[in-house]
Amino acid sequence: MATTTRRSAVEPIKARRTREGEAAPWPVAFYRSAVGKKWVMAVTGIMLMGFVLTHMIGNVKLYLSREEINLYGEALRDIPGHLLPRTVFLWTIRLGLIAAFGLHMHSAFSLTVLNRKARPVTYQSPRDYVAASFAARTMRVTGIIVILYLIFHLLDLTAGTANPDFVRGDPYNNLVRSFERPLVAIAYIVANLALGVHLFHGAWSIFQSLGINNPRYNLARKRFAQGFAAIIVIGNVSFPLAVITGVVDQACEGTAIESPCPASGAFGEEN
Ligand code: HEM
């Protein structure tokens, strides 16, 4: 009897140790620590910043011509030519980004919970307050706006279910038709301003999270965060504005494709 009682008293301790990470593989154990979560948030943040920047630069092709931006969308599906079956590379990137997005949200959420447990009264260091007070305080709100925006954006321009005039393989048509709806254009502008605020604090915090926190670099960190956020916001807000103001329209004037514009997409059906 006594032996049974002693064994059952030991077992829960073993289970707790495993949950706390002692027996877990090191990446999992690392992620369970606050420092690990900060690293994951920073590294996935860098990946997402890379995506947002290249995506914005790619969309600038909207100003070149209908053909240019449509060929760009087609090229993304076809990378790296005949080396892999079509869309395999694109799907690899997509899965990587989905994983990065999931980990970014999970680490942010877990760190918030940890911070609240460790410090129930909100405290902000004077340095953070000066550098990024408004952005820092609104990270959760701007993050949620970006998630909601992304869901609508994918339904609007990738799946096409939120865009009645969607034509598969014709991003030029889809963008112009989408932004011709004033409420949608305003939603894109507001969401991208929120993204800018989120990026500003995120780009500033990356260095802190990775342990690069010498006050000597504060001004450079601030300028980098401001510059990065400004480039993304100016680029992304310009697209709906260009359509609302008629700078870019459905008539295809000045584009490489002769009028009248082709009614349907010239490219394949795959996403
Ligand atoms: C006004 C700014 C933006 C414009 C004009 C724009 C435009 C587009 C277009 C045309 C597509 C479809 C591409 C295609 O199927 O060929 C697309 C897809 C996508 N966009 Fe955006 N985008 C903007 C901002 C953003 C932002 C800020 C994010 C992230 C926060 C984002 C994330 C995505 C994602 C994840 C996809 C799916 C890419 C894929 O096919 O895997 N976009 N966007």
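Residues numbered from 1 in each chain as written. Predicted model: local features only at pLDDT ≥ 70, side-chain atom pairs only at ≥ 80, totals over all residues.

### Remarks on the overall build of the protein
Per the secondary structure count, the protein includes 10 helices and zero strands. Secondary structure elements in the protein, listed N-terminal to C-terminal, are α-α-α-α-α-α-α-α-α-α. Across the 271 residues of the protein, 22% fall into the buried class. The contacts of the protein with a sequence gap of at least 6 include a subset with a gap of at least 24, amounting to 70%. (Helix = DSSP H or I, 4+ residues; strand = E, 2+ residues; numbered from the N terminus. Buried ≥ 20, exposed ≤ 12 C-beta atoms within 10 Å, placed from the backbone. Contact = placed C-beta atoms within 7 Å.)

### Considerations on the nonpolar core
Phe200, Ala203 and Ala229 are the most contacted members of the largest nonpolar core, which has 29 residues in total. Going through the elements one at a time, helix H3 (34-59), helix H7 (139-159), helix H8 (171-179), helix H9 (182-209) and helix H10 (218-244) are the ones with two or more residues in this core. Discounting chain neighbours no more than four positions away, the residues touching Ala203 are Met49, Phe224, Ala225, Phe228 and Ala229. (Core = buried A, V, L, I, M, F, W, Y, C linked by C-beta atoms within 7 Å.)

### Details of unusual backbone geometry
Across the junction of Ile79 and Pro80, the peptide omega takes the value -5 degrees, indicating a cis bond. Looking at the element boundaries, Pro80 is found in the loop between helix H4 (66-78) and helix H5 (88-118). Positioned with a positive phi, Thr87 is a non-glycine residue whose angle comes to about 70 degrees. For Thr87, the position within the fold is in the loop between H4 and H5.

### Quick word on H7
Here H7 contains 21 residues, and its C-alpha end-to-end distance of 28 Å stays within 8% of the 30 Å for a straight helix at 1.5 Å per residue. Along its length, H7 shows its largest kink, about 25 degrees, at His153. Residues Thr142, Ile145, Val146 and Asp156 constitute the buried set of H7. If you follow the buried residues of H7, they end up packed against H8 and H9. (Expected span 1.5 Å × (residues − 1). Bend = angle between axes of the 7 residues up to and from the residue.)

### Quick notes on the site of the ligand
In the vicinity of the ligand lie 19 residues, with Gly73, Leu157, Pro171, Asn236 and Phe239 positioned nearest. At the level of secondary structure, the elements contributing two or more residues to the shell around the ligand comprise H3, H7, H8, H9 and H10. Here the shell around the ligand gets six residues from one element, more than from any other, and that element is H7. Residues belonging to the shell around the ligand are distributed by class as follows: 11 nonpolar, seven polar and one charged. (Near = placed C-beta within 6 Å. Nonpolar A, V, L, I, M, F, W, Y, C, P; charged D, E, K, R; others polar.)

### Looking at the packing of H3 against H9
Across the interface, H3 lies against H9 with an axial gap of 9 Å and an inter-helix angle of 135 degrees. Classified by the angle between their axes, H3 and H9 sit oblique to one another. In the packing of H3 onto H9, the handedness of the crossing is left-handed. Contacts between H3 and H9 involve Lys38, Trp39, Met41, Ala42, Gly45, Ile46 and Met49 from the former and Leu199, Gly202, Ala203, Ile206 and Ser209 from the latter. Considering only residue class, the contact of H3 with H9 consists of eight nonpolar, three polar and one charged. (Axes fitted to C-alpha atoms, helices over the stretch in contact; angles between N-to-C directions. Parallel < 35°, antiparallel > 145°, perpendicular 65-115°, else oblique. Left-handed = near helix turned anticlockwise from the far one by under 90°.)

### A word on the packing of H9 against H10
At a closest axis distance of 8 Å, the pairing of H9 and H10 adopts a crossing angle of 170 degrees. Considering the angle they form, H9 stands roughly antiparallel to H10. Seen from above, H9 lies across H10 with right-handed handedness. Of the residues that constitute the contact of H9 with H10, the class distribution is 20 nonpolar, four polar and two charged.

### A short note on the confidence of the model for the protein
Of the residues in the protein, 80% have a pLDDT of 70 or more, and the chain-wide mean is 85. Confidence over residues 1-16 falls short of pLDDT 50; this stretch has zero contacts with residues more than four positions distant or in other chains. Low pLDDT, under 50, characterises residues 262-266; the predicted model gives this stretch nine contacts beyond four residues in sequence or across chains. (pLDDT = per-residue confidence, 0-100.)

### A word on the environment of Asn213
Following the sequence through the fold, Asn213 ends up in the loop between H9 and H10. Aside from chain neighbours lying at most four places away, what touches Asn213 is Phe207 and Gln208.

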